[in-house]
Amino acid sequence: MTVKILYFLFLSFITCCDKSAKEGPVAVRPSEDIDKDIVFLHANVITMENDIVLGDYSVYTKNGIITKIEPASSLVIPDPVFKIDATGKYLMPGLADMHTHIWYKEDILPYVANGVTTILHMGGPSIILQFRAEAAAKQIISPTIFASGFVDGPGSRGWLATTAAEASTAVEEIKNAGWDFVKVYNSIPTDAYTALMDKAREMHIPVIGHGVRAPGMQGILNAGQVMIAHAEEYLYTYFNNTTDEALIPSAVTMTKNSGAYVTPNLVTYETIARQWGQPGMLQQMLAQPEMKYVSPKWKNNNWGQFDFTRRAGNINAQYDFLKIFTKKLSDAGVPLLLGTDTPFMIGEANGFAIYDDLRNMVACGLTPYQALRAGTKTAGEFINKYVVTSRPVGLIKENYKADLILLNANPLLNVENVKQRAGVMINGRWLSEAKLQEEMERLAKSF
Ligand SMILES: [Zn+2]
């Protein structure tokens, strides 16, 4: 701690007494964890408002907020400030993973270490509300957490809604406990679903989640559900389990007209398709290097409930169909969100899976900008629209949250370049890549 304070004093001395230091060399330690006012100097800035790269810009952050974006030549740097030399690097907003299920504290770090600075929790133990508070207070290295309370019909793992009265109570309890959203699951009966939606409207809490089977896709979109959590939900509630492309236009139109967001979550469908009827595939997946950062509680316990390798046949045609459907949704202007369903889904590493979801978006035919937009601008719009208390997020823009990724390569040329990190800023706190990797190794050793 003393060393850190001395270091800051030393840095302040340089910046306050040598005005030419504005363009001078930047002190970079091998491992950094800096929580103070920061300027990124000479960056290629990708604001994500559009697909333009602003060459040689500087971005200033203060108290966790982006306060200034200017051509590097015109920026006057106030003192004291920590400078990050971003020459030749690319600065973009942090990514949002809009479909996660965090159960354990050790699930959280890998998101940040992979550039994910916002997550939406889609159901699980209510300890997430404690993690959300700890993240907001910067007590843990964590993305900003938004959380939904899980509601289902008979046999629910969360709140139960088999009748209208139960559904109404569930919404009341979820809202009063401070959850940001209600998440609905498959088996809620139509009467209960209607009551749930009425109560949610009355209590001003948005409803997101699965295609609830009884009311069906048309019913839930008409009722005002604001997000569909997987593209595959349309297979079960609109496409009648077929891959009939003739049904796509009407599905796209009704979704577009409803204003609902869709989280295609293709990484999950792809992961399941790869395992389906393929004994041995799971072992291959578990041998991936990133699996060492996944909690053994998932690998040894929770994941045991799945075994897709013993299923007959394959679901490759459905996977291809969902890619076509996702492209049509995108073409029609339906707002799409990145989301991975981690760490819940067997064979997907939390944090790392965001690259696979991006890759899937591009495989559908989206441009890298469109794919990245699903995890930045659009996710931010969704949060800004439905969580009124949250600070704007998802763009590099003044007064937006200082959630940023600094990259060594241009992600608009290839989404894989999102892996080429120099560091991540989370809520104004700068974590260099060296620091992040140090934390990740500590995490892996703790298992
Ligand atoms: Zn899920």
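Residues numbered from 1 in each chain as written. Predicted model: local features only at pLDDT ≥ 70, side-chain atom pairs only at ≥ 80, totals over all residues. Heavy atoms only, no water.

Digging into the overall build of the protein chain
Of regular secondary structure, the protein chain possesses 16 helices and 17 strands. Its C-alpha atoms give the protein chain principal-axis dimensions of roughly 70 × 50 × 40 Å. Out of the 447 residues in the protein chain, the part that is buried amounts to 59%. In the protein chain, the proportion of contacts linking residues at least 24 apart, taken out of those at least 6 apart, comes to 70%. Of the roughly 17300 Å² of accessible surface on the protein chain, a fraction of 53% belongs to carbon and sulfur atoms. Considering the protein chain, the positive charge centre built from 41 side chains and the negative charge centre built from 45 side chains are found 3 Å apart. (Helix = DSSP H or I, 4+ residues; strand = E, 2+ residues; numbered from the N terminus. Buried < 20%, exposed > 50% of the residue type's maximum accessible area, 1.4 Å probe, protein only. Contact = heavy atoms within 4.5 Å. Areas by Shrake-Rupley, 256 points an atom, 1.4 Å probe, with all protein chains shown as cover. Lys, Arg positive; Asp, Glu negative; His and termini not counted. Charge placed at Lys NZ, Arg CZ, Asp CG, Glu CD.)

Examining the coordination of the zinc ion
Bound to the zinc ion are the protein donor atoms His99 (NE2), His101 (NE2) and Asp341 (OD), situated 2.0 to 2.2 Å from the metal. Within one chain, the residues serving as donors to the zinc ion are arranged as H-x1-H-x239-D. Of the residues examined, His99 reaches a relative accessible area of 1% and is grouped as buried. (Donors = N, O, S within 2.8 Å, 3.2 Å for Na, K, Ca; no water.)

Overview of unusual backbone geometry
Following Thr342, the chain continues to Pro343 via a peptide bond in cis, the omega torsion being -10°. With a phi close to 60°, Asn241 is a non-glycine residue in the positive phi region. Here Asn241 lies in the loop between helix H7 (233–237) and helix H8 (248–258). Within the chain, Asp341 stands out as a residue other than glycine whose phi angle is a positive 65°. Tracing the sequence through the fold places Asp341 in the loop between helix H12 (316–331) and helix H13 (353–363).

Brief notes about the environment of Lys175
Tracing the chain through its elements places Lys175 in helix H4 (residues 164–176). Overall, the relative accessible area of 32% leaves Lys175 in the partly exposed class. For the pair Lys175 and Tyr104, spaced 71 residues apart in sequence, the C-alpha to C-alpha distance is 23 Å. With sequence-adjacent residues up to four places away left out, Lys175 is seen in contact with Met203, His204 and Ile205. Among the polar contacts made by the side chain of Lys175, one reaches the main-chain carbonyl oxygen of Met203 at a distance of 3.4 Å. (Polar contact = N/O pair within 3.5 Å; in protein donor to acceptor, adjacent residues only side chain to side chain.)

Quick look at the packing of aromatic side chains
Enumeration according to the criterion identifies 21 aromatic pairs in this entry. Consider the rings of Trp103 and Tyr104, whose centres lie 6.4 Å apart with planes at 65°: the pair is edge-to-face. Measuring from centroid to centroid gives 4.9 Å for Tyr261 and Phe382, while their planes differ by 70°, and the two rings are edge-to-face. With Tyr261 in strand S14 (residues 261–262) and Phe382 in helix H15 (residues 377–386), the pair connects residues that are 121 residues apart, well separated along the chain. Summarising the burial analysis for this pair, Tyr261 and Phe382 share the class buried. The ring of Tyr185 has Arg157 sitting right over it, with the charged end atom 5.3 Å from the ring centre. Taking the ring centre of Tyr104 as reference, the NZ or CZ of Lys297 above it sits at 4.9 Å. (Phe/Tyr/Trp six-rings, centres within 6.5 Å; stacked < 30°, edge-to-face > 60°. Lys NZ or Arg CZ within 6 Å of the ring centre and 35° of its normal.)

Considering the side chain of Glu348
Along the chain, Glu348 turns up in the loop between H12 and H13. Buried Glu348, no salt bridge; nearest opposite-charge side chain is Arg274, N-O distance 9.2 Å. A distance of 2.8 Å separates polar atoms of two side chains, one belonging to Glu348 and the other to Thr268. With sequence-adjacent residues up to four places away left out, Glu348 is seen in contact with Val267, Thr268, Thr271, Met291, Trp303, Thr340, Thr342 and Ala353. (Salt bridge = Lys/Arg side-chain N within 4 Å of Asp/Glu carboxyl O.)

Let's talk about the pairing of strand S3 (residues 54–62)
The pairing of strand S2 (residues 38–45) with S3 spans five bridges and is classified as antiparallel. Across the sheet, Phe40 pairs through a bridge with Val59, a residue of S3. By the bridge criterion, six bridges tie S3 to strand S4 (residues 65–71) in an arrangement that is antiparallel. Counterpart to Lys62 in the pairing with S4 is Ile65. Between S3 and S4, which follow one another and run antiparallel, lie two residues, and Asn63 among them has a positive phi close to 50°. (Pairing = 2+ DSSP bridges.)

A closer look at the pattern of salt bridges
Considering all chains together, one arrives at 20 salt bridges under this definition. Ionic pairing is found between Lys292 and Glu441, a salt bridge with its closest N-O pair at 3.1 Å. Taken as a pair, Lys292 in the loop between helix H10 (281–286) and helix H11 (296–301) and Glu441 in helix H16 (residues 433–446) lie far apart in primary sequence, 149 residues in all. For Lys292, a relative accessible area of 42% gives the class partly exposed. Through salt bridges that share partners, Glu172, Lys199 and Glu202 make up one connected network.

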